[in-house]
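# Remarks on the overall topology
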Amino acid sequence: MTSVRYVAIGDSFTEGVGDERPDGTPRGWADLAAEGWASSRGEAIDYANLAIRGKLAWPVVDEQLEPALALRPTHLSFNGGGNDMLRPGRSIDRVVDAFVHVAARCAAEGVVPILLAGADPSGGLPLSRVIRRRGDELTRAVTARLRGRTGIVWAINWTDASLREPAFWSPDRLHMNVRGHHRVAARVLEAVGEQAPPNWWSLPEGAGAHLDNRDYYRAHVVPWIRRRLTGTSSGDGRSAKIPDWLRVPPHLPETA
């Protein structure tokens, strides 16, 4: 059996924001997928995660792709564009180009690319129709440009109607909670031909707090606007989550 060396690149979605451990560090779907992958195979895999929250699609590619490939992985996952969609004037075609570039570089290096579309948060956000329209356009455009290429693993979450339900989202309405991250991890494992625990598709609903609109805007929207006005990012000063190989044993931890 060929050993697996899996590296993830991306933004807050891949870093795992919204699914925090008791110490406050993010876990998220990529960590879960690595754990589930090892357990499904019955042997340890190597895992790294270079994702940093707040990154636009091309900064992810420019800053993370080559360091990830330098690790000589067997599989590389990429998602980007969520932050681009939230900013006016961003080109959908330019984001699609980032996916195409990642796929091409993986092909050149003999790496299997796992391309993800993030879940659709638009139902809980301001300008929901605009966000969903741009997400629909991006998903269609990426798949149209790359569907004919062999060797790509697809994990499309944007069209998953269940993931649009509030019970899968954290209080900021932008990042998935523990339930959402487990469902995405299950889809990734299915896409690579491995088995996820059946309950990962829909963990029991927790009692997470959902803020009313006034508190939500004060806690999450206003700080986001302030960062846009000041040209700062939630990822400023942060480094890669797991910059080098971590050996993940074939043992599933508690799911929540």
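Predicted, not measured: the structure shown is a model, and the values here were computed from it. (Residues numbered from 1 in each chain as written. Predicted model: local features only at pLDDT ≥ 70, side-chain atom pairs only at ≥ 80, totals over all residues. Heavy atoms only, no water.)

### Considering helix α2 (residues 28-41)
What counts, and what does not: Helix numbering and strand numbering both begin at the N terminus, where a helix is a DSSP run of H or I of at least 4 residues and a strand a DSSP run of E of at least 2. A helix is expected to span 1.5 Å for every residue after the first. Three labels apply to residues, based on accessible area from a 1.4 Å probe with only protein chains included: buried if under 20% of the type maximum, exposed if over 50%, partly exposed otherwise in between.
For α2, built from 14 residues, the straight-helix expectation of 20 Å at 1.5 Å per residue is met to within 8% by its first-to-last C-alpha distance of 20 Å. Among the 14 residues that make up α2, 12 are buried, leaving the element largely enclosed by the rest of the structure. All of the buried residues in α2 are Gly28, Trp29, Ala30, Asp31, Leu32, Ala33, Ala34, Glu35, Gly36, Trp37, Ala38 and Arg41.

### Topic: the pattern of salt bridges
When charged atoms on two side chains of opposite charge get close, those side chains can pair. Condition: Any carboxyl oxygen of Asp or Glu that lies within 4 Å of a side-chain nitrogen of Lys or Arg is treated as forming a salt bridge with it.
Tallying each qualifying case throughout the model produces 15 salt bridges. Between Lys241 and Asp31 there is a salt bridge; the shortest N-O distance is 3.0 Å. Taken together, the positions of Lys241 in the loop between α8 (213-230) and β6 (242-248) and Asp31 in helix α2 put the pair 210 residues apart, joining distant regions of the chain. Judged by relative accessible area, which is 5%, Asp31 ranks as buried. Through salt bridges with shared partners, a single network forms among Arg21, Asp31 and Lys241.

### A few points about the pairing of strand β2 (residues 45-49)
For a regular strand, side-chain orientation follows a simple rule: the groups alternate between the two sheet faces. This is how the line gets drawn: At least two DSSP bridges between two strands are needed for those strands to be called paired.
Along β2, 5 of the 5 residues are buried, which leaves the element largely enclosed by surrounding structure. Neither face of β2 is left uncovered, since the one carrying Ile45, Tyr47 and Asn49 and the one carrying Asp46 and Ala48 both have all their residues buried. Relative to β2, strand β1 (residues 5-9) runs parallel, the two being bridged by 4 bridges. Residue pairing for β2: Val7 is matched across the bridge by Ala48. Alignment of β2 against β6, held across 4 bridges, turns out to be antiparallel. Each residue of the ladder has a partner; that of Asp46, found in β6, is Arg247.

### Thoughts on helix α3 (residues 57-70)
Under the convention used in this document: Contacts between residues were defined by any pair of non-hydrogen atoms, one from each residue, lying within 4.5 Å.
End to end, α3 covers 20 Å across 14 residues, agreeing with the expected 20 Å (1.5 Å per residue, within 8%). Buried within α3 we find Ala57, Trp58, Val60, Val61, Gln64, Leu65, Ala68 and Leu69. Buried residues along α3 sit in contact with β1, β3 (75-78), α4 (82-85) and α5 (92-109).

### Quick word on the packing of α5 against helix α6 (residues 128-146)
Basically, it comes down to this: What counts as an axis is a line fitted to C-alpha atoms, over the stretch in contact for a helix, and the angles between N-to-C directions run from 0 to 180 degrees. When an angle is under 35 degrees it counts as roughly parallel; over 145 it counts as roughly antiparallel; between 65 and 115 it counts as roughly perpendicular; any other value is oblique. Left-handed describes a crossing whose near helix is turned anticlockwise from the far helix by less than a right angle; the clockwise case is right-handed.
At a minimum axis separation of 9 Å, α5 and α6 run at an interaxial angle of 40°. By the criterion of interaxial angle, the relationship of α5 to α6 is oblique. Relative to α6, the crossing made by α5 is right-handed. On α6, the residues touching Ile92, Val95, Val96, Asp97, Phe99, Val100 and Ala103 of α5 are Arg134, Glu137, Leu138, Ala141, Val142, Arg145 and Leu146.

### Quick look at the packing of aromatic side chains
To be explicit about the condition: Under the pairing criterion, centres of Phe, Tyr and Trp rings, with the six-membered ring standing for Trp, must be within 6.5 Å; the plane angle then separates stacked pairs below 30 degrees from edge-to-face pairs above 60, leaving the rest tilted. We call a charge positioned above a ring when the Lys NZ or Arg CZ atom is no farther than 6 Å from the ring centre and deviates by at most 35 degrees from the ring normal.
Summed over the entire model, instances satisfying the criterion amount to 4 aromatic pairs. Centre to centre, the rings of Phe13 and Trp29 are 5.5 Å apart; their planes meet at 40°, and the pair counts as tilted. Taken together, the residues Phe13 in helix α1 (residues 12-15) and Trp29 in helix α2 connect sequence positions 16 residues apart. By relative accessible area, Phe13 is classed as buried at 12%. Residue Trp29 is classed as buried on the basis of its relative accessible area of 0%. Site record: aromatic cluster; members linked through ring pairs are Tyr6, Trp37 and Tyr47. Directly above the ring of Trp154 sits Arg147, whose terminal nitrogen or CZ lies 4.7 Å from the centroid. Here the basic side chain of Arg179 rests over the ring of Phe168, its NZ or CZ set 4.3 Å away from the ring centre.

### Focus on the sheet that holds β2
Where strands meet in a sheet, backbone hydrogen bonds hold them as pairs that are either parallel or antiparallel. Judged by pairing direction, the sheet is mixed, and its 6 strands sit side by side in the order β5-β4-β3-β1-β2-β6 without closing on themselves. Every interior strand has two partners, whereas the edge strands, β5 (153-156) and β6, have only one. Within the sheet, the average angular offset between the axes of one strand and its neighbour, ignoring direction, is 20°. Pairing of β1 with β3 involves 4 bridges; the strand directions are parallel. Directly across from Ala8, in β3, lies its bridge partner Ser77. The strands that α5 touches are β3 and β4 (112-117); relative to β3, the one it contacts most, it runs at about 175°. Where α6 meets the sheet, it contacts β4 and β5, and its direction lies at approximately 165° from that of β5.

Worth remembering: the numbers are spatial, not functional.
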